Amino acid sequence: MAESESGADKSEEPTSKRLEEARKKGQIARSRELNTLAVTLAGAVALLMYGGQMGDALLDIMRANFALPREVLLDDRSMALYLLAAGQAALEMMQPFLIVLLIASIIGPIALGGWLFSIEALQPKASRMNPWEGLKRMFSTKALVELLKALAKFVIILLVGLAVLSADQDDLLALANEPVESAILHGALIVGQSTLWLACGLILIAAVDVPFQLWDAKQKLMMTKQEVRDEYKDSEGKPEVKSKIRQLQRQMAERRMMQQVPEADVVITNPTHFAVALKYDPAKGNAPVLLAKGGDFLALKIREIAQEHKVTLLESPALARAVYFSTEIDHEIPAGLYLAVAQVLAYVYQLKQFRAGKGKRPSPLNNLPIPPDLRRDE
């Protein structure tokens, strides 16, 4: 079980945020043994595939440089030209082999942990130049593991190398009796096969190192319970901050709601506990829309704004409660309240006509039809 510097047990799995931050910093599992295996194995395969071509190219270079005409030997400038030509031929000869090694050197690191380019990992850190930190790394568990891996690598490669030399002893001695052309090609084949066996020996080391690197990287990212709680607070927001945000959001919503009250056709009240402001616009919808609602203090504010802007106030406790509890701001009223609200709007229209001297005073509204499922008692 991992333990933090403060002594608290790091018993919690790293969160996705912790993993993402570690990846940005370049803190992911990497195995140098896997990289070495990839390059060595690719080099062995490349030697077996292109060894013959490389041997033929080497023979051509030797023929061109060991069989020189007399006039060339007497020309000072010709040596430089021959050297340049030999270098160009050697580069062309090695090009396929070097390309294979380059690809292997790229695939090896990304095989464990994936592709990653981190600017933070390239930045200089004071801890890397701290002698005390350096001593701690030298005598750490990881340093001990690296030492054991190096010893194991030495022993395994030594044993594999001795086995390969013992198995190829006759072929190696026979090279001395072969013509130069066949000896070069045969030698390239032996080198390729020997390198392949050495790469197979590295498989054992990589098979041990890769799981260890994955385990070690995970242990470094393990978290204490307090770290998990702190991260949750940082990501989700501290309770007091979230409460303040909700308060500000409510205040903004209330201000926006109050700004819509003057546009209402009618404000229905309880008369004191609840107030709802309704507007009916046939061009925008089929039913009246709730512009504002509130209880107690908000209800009082809605009534004050309605009176200030000469919006009709109507006392209907049952309907006010039904609309308040069944409808959200800027939403249409439920179908069950259509008839009751229609009677209210008709009453408001007749009242406006009466006040304008164009009709008789409407009769007070009583017993509005409110379905039982939408009724809310005091």
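Residues numbered from 1 in each chain as written. Predicted model: local features only at pLDDT ≥ 70, side-chain atom pairs only at ≥ 80, totals over all residues. Heavy atoms only, no water.

1. Thoughts on the UniProt feature "transmembrane region" (unreviewed entry) in the protein
So the rule is basically this: UniProt positions are given in the numbering used here, feature names are shortened, and annotations may be inferred rather than shown by experiment. Counting from the N terminus, the helices are DSSP H or I runs at least four residues long and the strands are E runs at least two residues long.
The UniProt record marks residues 34-52, 97-122, 143-165 and 196-215 with the feature "transmembrane region" (unreviewed entry), using the residue numbering of this structure. In residues 34-52, helix accounts for 100% and strand for 0%; the two terminal C-alpha atoms are 28 Å from one another. Helix makes up 100% of residues 143-165 and strand 0%, whereas the separation of the span's terminal C-alpha atoms amounts to 32 Å.

2. Considering the pairing of strand E5 (residues 289-295)
Selection criterion: Accessibility here uses a 1.4 Å probe with only protein chains present; expressed as a share of the type maximum, an area under 20% marks a residue as buried, one over 50% as exposed, and anything in between as partly exposed. Strand pairing is assigned whenever DSSP identifies at least 2 bridges connecting the two strands.
Summarising burial for E5: five of the seven residues are buried, a large majority. Of the strand pairs in this sheet, strand E4 (residues 274-279) and E5 are connected by six bridges, and their pairing is antiparallel. Paired with valine 276 across the two strands is lysine 293, which belongs to E5.

3. Side note on the pattern of salt bridges
Put simply, the test is: The term salt bridge refers to a pairing of a side-chain nitrogen on Lys or Arg with a carboxyl oxygen on Asp or Glu at a separation within 4 Å.
Enumeration over the complete set of coordinates arrives at five salt bridges. A salt bridge links arginine 63 to aspartate 60, with the shortest nitrogen-to-oxygen separation between them at 3.0 Å. Taken together, the positions of arginine 63 and aspartate 60, both in helix H2 (residues 32-66) and three residues apart, correspond to about one turn of that helix. Residue class for arginine 63 comes out partly exposed when judged on its relative accessible area of 44%.

4. What about unusual backbone geometry?
Unusually for a residue other than glycine, aspartate 296 sits at a positive phi of about 55 degrees. Inspection of the secondary structure puts aspartate 296 in the loop between E5 and helix H12 (297-308). If you check the backbone angles, aspartate 330 has positive phi at about 65 degrees while not being a glycine. Along the chain, aspartate 330 turns up in the loop between helix H13 (317-326) and helix H14 (338-355).

5. Brief notes about the pairing of strand E6 (residues 312-315)
Only one face of E6 is covered, namely the one carrying Thr312 and Leu314; the face carrying Leu313 and Glu315 has none of its residues buried. The pairing of strand E3 (residues 266-269) with E6 spans four bridges and is parallel. Residue threonine 269 lies in a different strand from E6, and its bridge partner there is glutamate 315.

6. Description of the packing of aromatic side chains
This is how the line gets drawn: Here is the rule: rings of Phe, Tyr and Trp (six-membered ring for Trp) pair when centre to centre is within 6.5 Å. Planes less than 30 degrees apart are stacked, more than 60 are edge-to-face, and the remainder are tilted. Whether a charge sits over a ring comes down to the Lys NZ or Arg CZ being within 6 Å of the ring centre and within 35 degrees of the ring normal.
If you walk through the whole model with that rule in mind, you get four aromatic pairs. Residues phenylalanine 212 and tryptophan 215 carry aromatic rings whose centres are separated by 6.0 Å and whose planes lie at 35 degrees to one another, so their mutual orientation is tilted. With phenylalanine 212 and tryptophan 215 both in helix H9 (residues 180-221), this residue pair falls three residues apart, about one helical turn. Residue class for phenylalanine 212 comes out buried when judged on its relative accessible area of 18%. Taking the relative accessible area as the measure of exposure, tryptophan 215 reaches 49% and is therefore partly exposed. Relative to phenylalanine 325, the ring of tyrosine 324 has its centre 5.1 Å away and its plane inclined at 80 degrees; by these criteria the two rings are edge-to-face. Accessibility expressed as a relative area gives 43% for phenylalanine 325, which makes it partly exposed. Through successive ring pairs, a cluster of aromatic residues spans Phe274, Tyr324 and Phe325. Geometry around tyrosine 324 places lysine 293 over its ring, the cationic atom sitting 5.0 Å from the centre.

7. Considering the layout of surface pockets
Selection rule: The pocket and cavity definitions rest on a 1 Å grid over protein atoms only: a 1.4 Å probe that fits but cannot leave marks a cavity, an open set with protein on both sides within 12 Å along at least five of seven lines marks a pocket, and residues lining either have an atom within 4 Å of a point. Grid points are joined across faces, edges and corners, and a volume is the space filled by probe spheres set on the points. Under the scheme applied here, ten amino acids are nonpolar (Ala, Val, Leu, Ile, Met, Phe, Trp, Tyr, Cys and Pro), four are charged (Asp, Glu, Lys and Arg), and all others, including Gly, are polar.
Here the second largest pocket is characterised by a volume of approximately 180 Å³. Lining of the second largest pocket is provided by twelve residues; of these, Lys279, Asp281, Lys284, Val289 and Leu291 occupy positions nearest its centre. Here the residues of the lining of the second largest pocket sort into four nonpolar, two polar and six charged.

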